[in-house]
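Per-entry structural report
Chain by chain, the residues run as shown.
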Amino acid sequence: LKVVGEYDAMIVRGRTKVTQAVFEAGKKLKVVGRAGVGVDNIDLNAAKAAGVTVVNSPTATTLAVAELTLALMLSVVREIPRGDAGMKAGQWLKKEMEGTELWRKTLGVIGFGRIGAAVATRAAAFDMDIIGYDPLIPAEEIQKRGGKPVALDELLAQADIITLHIPLDAGSKNLLNADSFAKMKDGVIIVCAARGGVIDEDALLAALDSGKVAGAGLDVFVAEPPGVTPLVAHPKVVCVPHIGAQTKEAQIRAADDIASEVLAALKGEPLRWKVA
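Residues numbered from 1 in each chain as written. Predicted model: local features only at pLDDT ≥ 70, side-chain atom pairs only at ≥ 80, totals over all residues. Heavy atoms only, no water.

1. Comments concerning helix 3 (residues 62-78)
To keep it simple, the criterion reads: Helix and strand definitions here come from DSSP, where helices need a minimum of 4 consecutive H or I residues and strands a minimum of 2 consecutive E residues; each element is numbered from the N-terminal end. Expected span of a helix: the number of residues minus one, times 1.5 Å. Each residue is placed in one exposure class: buried if its accessible area under a 1.4 Å probe, protein chains only, is under 20% of its type's maximum, exposed if it is over 50%, and partly exposed if it falls in between.
Under the 1.5 Å per step criterion, the end-to-end length of helix 3 is 25 Å for 17 residues, consistent within 8% with the ideal 24 Å. Taking burial as the measure, the 17 residues of helix 3 include 12 buried ones, the bulk of the element. Here helix 3 has its buried residues at T62, A64, V65, A66, L68, T69, L70, L72, M73, S75, V76 and V77. Note on helix 3: the residue one or two positions beyond its end, E79, has a positive phi of about 50°.

In structure tokens form, the structure reads like this:
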């Protein structure tokens, strides 16, 4: 707040909160760039009120997040972290580790945008049956991207594995909650590398404890870092510290994209990824 008044542009990552106070102090601000996809850390209403353009770099991290999603999925169904920990402790857990295959399992993709579609493409290589729900994307487009379009309740009821690829907003907060878990198959697997808050963590923990959910792969949490919570420590959960975009390639793409987009905004040139 002490220095932002000197600047015409600001580029942030996910943890920097660009609040109303920042916009009020940034008298010269013309543009805020988010190096990445999610902009829930930026007060968009305050940006509009201040006449500040907000841009992001939504395509830069698509492949990194899609690949991590498959990695989490495989880690859960084959208990890879448990096997690795056992080996390092001198244990041979072969008889205890009977996993399941992705082959011919039904994958429910909630959010069929760039990342959801990239996940569907890769999941198809495992011969998975892919169903998709996205209220913002027409059914025919979901089909073109490799999924069978279904209603949300149909997806919850049919999927063996559910992965979420949606932003966090008022409509998506706690999208998966106690009622949602009740509609799912027994033994469903949940994967989330989207945003903390789209899953009710208390409801997920209860579903894991009851056995309704057989396992979960999580990259994001409501509070980050979350500490050693019961969910993080749960033996059926594979979790990583929000590393979806953390590849060398994705970081280079994000840097290039947001730099060029912010410069375009300052020059008054056409923008590819204007959010507000």
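From this point, things continue past the structure.
2. Notes on the pattern of salt bridges
The test is simple: Whenever a carboxyl oxygen of Asp or Glu lies within 4 Å of a side-chain nitrogen of Lys or Arg, that contact is scored as a salt bridge.
Summed over all chains, the structure comprises 10 salt bridges. When the shortest N-O distance is used, the salt bridge between R195 and D40 registers 2.8 Å. Residue R195 is found in the loop between strand 8 (188-192) and helix 9 (201-210), and its partner D40 is found in the loop between strand 2 (31-34) and helix 2 (44-50); the two are separated by 155 residues along the sequence. Where D153 meets K183, a salt bridge forms, and the shortest distance between an N and an O atom there is 3.1 Å. Taken as a pair, D153 in helix 7 (residues 152-158) and K183 in the loop between helix 8 (178-182) and strand 8 lie far apart in primary sequence, 30 residues in all. Relative accessible area serves as the criterion here: at 43%, D153 is assigned to the partly exposed category. Each of E79, R82 and E96 takes part in one network of salt bridges that share partners.

3. Remarks on the sheet that holds strand 1 (residues 9-12)
Heads up, the condition is: Any two strands with at least two DSSP-identified bridges between them are counted as paired. In this description, a line fitted to the C-alpha atoms serves as the axis of each element, helices being fitted only across the stretch in contact, and the angle between N-to-C directions of two axes falls anywhere from 0 to 180 degrees.
The strand order across the open sheet formed by three strands is 1-2-3, and the pairing between neighbours is parallel. Only two strands of the sheet have a single neighbouring strand rather than two, namely strand 1 and strand 3 (53-56). Each strand of the sheet is rotated relative to its neighbour by a mean of 15°, with strand direction disregarded. Where strand 2 meets strand 3, four bridges bridge the pair, whose relative direction is parallel. In the strand pairing of strand 3, R34 is matched with N56.

4. Some points on the nonpolar core
Our working rule: The nonpolar core is taken to be a set of buried Ala, Val, Leu, Ile, Met, Phe, Trp, Tyr and Cys residues, with the residues joined through side-chain atoms within 4.5 Å. Contact between two residues is taken to exist if any of their heavy atoms lie within 4.5 Å; hydrogens are not considered.
The biggest cluster of nonpolar side chains holds 32 residues, and the ones touching the most others in it are F181, I190 and L204. Taken together, the elements giving at least two residues each to this core come down to helix 7, strand 7 (161-164), strand 8, helix 9 and strand 9 (213-218). Here this core takes five residues from helix 9, the largest share from any one element. Setting aside anything within four residues of it in sequence, one finds I190 in contact with I162, L164, L176, F181, M184, I199, L204, V213, G215, A216 and G217.

5. Things to note about the sheet that holds strand 4 (residues 106-110)
Here seven strands make up an open sheet; going across it, the order is 6-5-4-7-8-9-10 and the pairing parallel. Each edge of the open sheet is held by one strand with a lone partner, namely strand 6 (148-149) and strand 10 (237-239). Where strand 4 and strand 7 come together, four bridges link them in parallel fashion. Bridged to I110 within strand 7 is L164.

6. Considering the environment of M128
Within the secondary structure, M128 sits in the loop between helix 5 (114-124) and strand 5 (129-133). Put simply, M128 and E67 are 61 residues apart on the chain and 16 Å apart in space, counted from C-alpha to C-alpha. When neighbours within four sequence positions are excluded, M128 is seen to be in contact with M73, L102, R104, K105, L107, A123 and I161.

7. Things to note about the environment of A120
Its location among the elements puts A120 in helix 5. Distance in space between the C-alpha atoms of A120 and V77 is 18 Å, their sequence separation being 43 residues. Residues in contact with A120, not counting those within four places in the same chain, are F112, I130 and R145.

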